[in-house]
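Here is how the chains run, residue by residue.
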Amino acid sequence: MDSAFDHLDAAGLLQIWQHFDADDNGYIEGKELDDFFRHMLKQLKPQDKITEEQVQETKKRFMSAYDDTADGRLQIQELANMILPEDENFLLIFRREAPLDNTVEFMKIWRKYDADSSGYISAVELKGFLRDLFSHHKKKISSSKLDEYTDAMMKVFDKNKDGHLDLNDLARILALQENFLLQFKIDASSQDERKKDFEKIFAHYDVSKTGELEGPEVDGFVKDMMELVRPNITGAELDQLRAVLLRHCDINQDGKIQKNELALCLGVRFKV
């Protein structure tokens, strides 16, 4: 593999990612995955005719070694582990013992680094985010390298090239897992099923285990709920929808949503 991508740096890796994640969904999968391994084999053996059998065998071998989530597709961190030398693999700082699978944790990050509450992450805010990640992992980084990594990530993840990252751009960077609410049936067939579903849902977003949703817990619930019907809401839309939810559900107007308030607000679907 090394000889296929000699001297590749972080910026080069991000360019490869941008090319092969053709549908821009945050993964290289399906035909994209075959295209990547076919490209890799052509880099390794430019004089040879590459067969489909070779492509599938190479894919099987490398996916068994690098597909950390075992979901049959590559995230950008997994691709980085595959082809970047360790001293250049700044994407290692995004790796966790467990995937970022709770939108509440994602929203904590979003709120912290959208420091001016603009609904976007600017290049300056992204640089602060990267600096803190390196510091947290006790990795020293020069100012020039930090600038290089910030610029590279903006080029790849700033899809509309407006100089800002939106909610969905950051979700791709952090490989946020699938919407938690997708596993539930909107029209559960019995009251008992609706009650059980509600209990699971509330427990998932009540990360602080206080019996009420507040701050990023409300944000996470709003983001997941609204994206069931309208995918890829923006940061500004999230703020508007959050205000609507609090206006309708926050009966005692304390800026939080108690369990009984949410049950009453969603009474059509869940009864407790």
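Residues numbered from 1 in each chain as written. Predicted model: local features only at pLDDT ≥ 70, side-chain atom pairs only at ≥ 80, totals over all residues. Heavy atoms only, no water.

Asker: Give me the lowdown on the overall build of the protein, citing residues and values where you can.
Answerer: Of the regular secondary structure elements, the protein holds 12 helices and four strands. For the protein, the proportion of its 272 residues judged to be buried stands at 47%. Expressed as a percentage of contacts within the protein between residues at least 6 apart in sequence, the contacts between residues at least 24 apart total 59%. Of the roughly 14600 Å² of accessible surface on the protein, 50% is carried by carbon and sulfur atoms. (Helix = DSSP H or I, 4+ residues; strand = E, 2+ residues; numbered from the N terminus. Buried < 20%, exposed > 50% of the residue type's maximum accessible area, 1.4 Å probe, protein only. Contact = heavy atoms within 4.5 Å. Areas by Shrake-Rupley, 256 points an atom, 1.4 Å probe, with all protein chains shown as cover.)

Asker: I'd like a rundown of the state of the cysteines, residues and numbers included.
Answerer: Disulfides are covalent bonds that connect the sulfur atoms of two cysteines. The full count for this structure, using the stated rule, is one disulfide. Through a disulfide, Cys-249 is tied to Cys-265; the S-S separation comes to 1.9 Å. Taking the sign of the S-S torsion, about -50 degrees here, the bridge from Cys-249 to Cys-265 comes out left-handed. Residue Cys-249 is found in helix α11 (residues 235–249), and its partner Cys-265 is found in helix α12 (residues 259–265); the two are separated by 16 residues along the sequence. When its relative accessible area of 0% is taken as the criterion, Cys-249 is described as buried. Residue classification places Cys-265 among the partly exposed residues on the basis of a relative accessible area of 31%. (Disulfide = S-S within 2.5 Å.)

Asker: Explain the packing of helix α6 (residues 123–136) against helix α7 (residues 143–157) to me, and be specific about the residues and the numbers.
Answerer: It is the contact of α6 with α7, at a shortest axis distance of 10 Å, that shows an interaxial angle of 125 degrees. One finds that α6 runs oblique with respect to α7. Along this stretch, α6 crosses α7, giving a crossing that reads as right-handed. Taking contact as the criterion, the partners of Ala-123, Leu-126, Lys-127, Leu-130, Arg-131 and Phe-134 in α6 are, on α7, Leu-146, Asp-147, Tyr-149, Thr-150, Met-153 and Met-154. (Axes fitted to C-alpha atoms, helices over the stretch in contact; angles between N-to-C directions. Parallel < 35°, antiparallel > 145°, perpendicular 65-115°, else oblique. Left-handed = near helix turned anticlockwise from the far one by under 90°.)

Asker: Which residues make up helix α5 (residues 103–113), and what are the values?
Answerer: The complete set of buried residues in α5 reads Thr-103, Val-104, Phe-106, Met-107, Ile-109, Trp-110 and Tyr-113. Its side-chain oxygen at 2.8 Å from the backbone nitrogen of Val-104, Asn-102 defines the N-terminal cap of α5. (Polar contact = N/O pair within 3.5 Å; in protein donor to acceptor, adjacent residues only side chain to side chain.)

Asker: Any details on the pattern of salt bridges? Residues and values, ideally.
Answerer: Counted under the stated rule, the structure contains 16 salt bridges. A salt bridge links Glu-199 to Lys-259, with the shortest nitrogen-to-oxygen separation between them at 2.5 Å. You can see Glu-199 sitting in helix α9 (residues 191–205) and its partner Lys-259 sitting in helix α12, a full 60 residues away along the chain. Of the residues examined, Lys-259 reaches a relative accessible area of 29% and is grouped as partly exposed. Here the salt bridges do not stand alone but share partners, grouping Lys-31, Asp-35, Arg-38 and Glu-52 into one network. (Salt bridge = Lys/Arg side-chain N within 4 Å of Asp/Glu carboxyl O.)

Asker: Describe in detail a nonpolar patch on the surface, supporting the description with residues and values.
Answerer: A surface patch of nonpolar side chains, about 280 Å² in accessible area, is lined by Leu-182, Leu-228 and Val-229. Residue Leu-228 is classed as partly exposed on the basis of its relative accessible area, which comes to 32%. (Patch = residues over 30% accessible without salt bridge, like charges linked within 9 Å, V, L, I, M, F, W, Y side chains within 5 Å.)

Asker: Could you give an account of the nonpolar core, with specific residues and numbers?
Answerer: The biggest cluster of nonpolar side chains holds 69 residues, and the ones touching the most others in it are Phe-37, Leu-79, Phe-129 and Phe-221. Not counting chain neighbours up to four residues away, the residues in contact with Leu-79 comprise Leu-13, Ile-16, Trp-17, Ile-28, Phe-36 and Leu-74. (Core = buried A, V, L, I, M, F, W, Y, C linked by side-chain atoms within 4.5 Å.)

Asker: Explain unusual backbone geometry to me, using residue names and the numbers behind them.
Answerer: Positive phi values are uncommon outside glycine, yet Lys-209 reaches one of about 55 degrees. Mapped onto the secondary structure, Lys-209 falls in the loop between α9 and β3 (212–213). Unlike most non-glycine residues, Asn-232 shows phi in positive territory, near 60 degrees. Following the sequence through the fold, Asn-232 ends up in the loop between α10 (216–226) and α11. For Asn-232, a relative accessible area of 54% gives the class exposed.

Asker: Explain empty space enclosed by the protein to me, using residue names and the numbers behind them.
Answerer: Inspection of every chain in the model, using the stated rule, returns one cavity of 30 Å³ or more. If you add up the space inside the largest cavity, you get close to 40 Å³. Looking at side-chain class alone, the lining of the largest cavity contains four nonpolar, three polar and one charged residues. (1 Å grid on protein atoms, 1.4 Å probe; cavity = no way out; pocket = protein on both sides within 12 Å on 5 of 7 lines; lining within 4 Å. Points joined across faces, edges and corners; volume = space filled by probe spheres on them. Nonpolar A, V, L, I, M, F, W, Y, C, P; charged D, E, K, R; others polar.)

Asker: Outline the side chain of Glu-212, listing residues and values.
Answerer: When you line up the elements, Glu-212 lands in strand β3. A distance of 3.3 Å separates polar atoms of two side chains, one belonging to Glu-212 and the other to Lys-256. Setting aside residues up to four positions removed in sequence, Glu-212 forms contacts with Phe-202, Asp-206, Glu-217, Lys-256, Ile-257 and Gln-258.

Asker: Please provide a residue-by-residue account of the side chain of Thr-103, values included.
Answerer: Along the chain, Thr-103 turns up in helix α5. Within the local environment of Thr-103, its side chain forms a polar contact with the side chain of Asp-224, the two groups lying 2.8 Å apart. In contact with Thr-103, not counting residues within four places along its chain, are Leu-176, Gly-220, Lys-223 and Asp-224.

Scope: geometric values only; no functional claims are made or implied.
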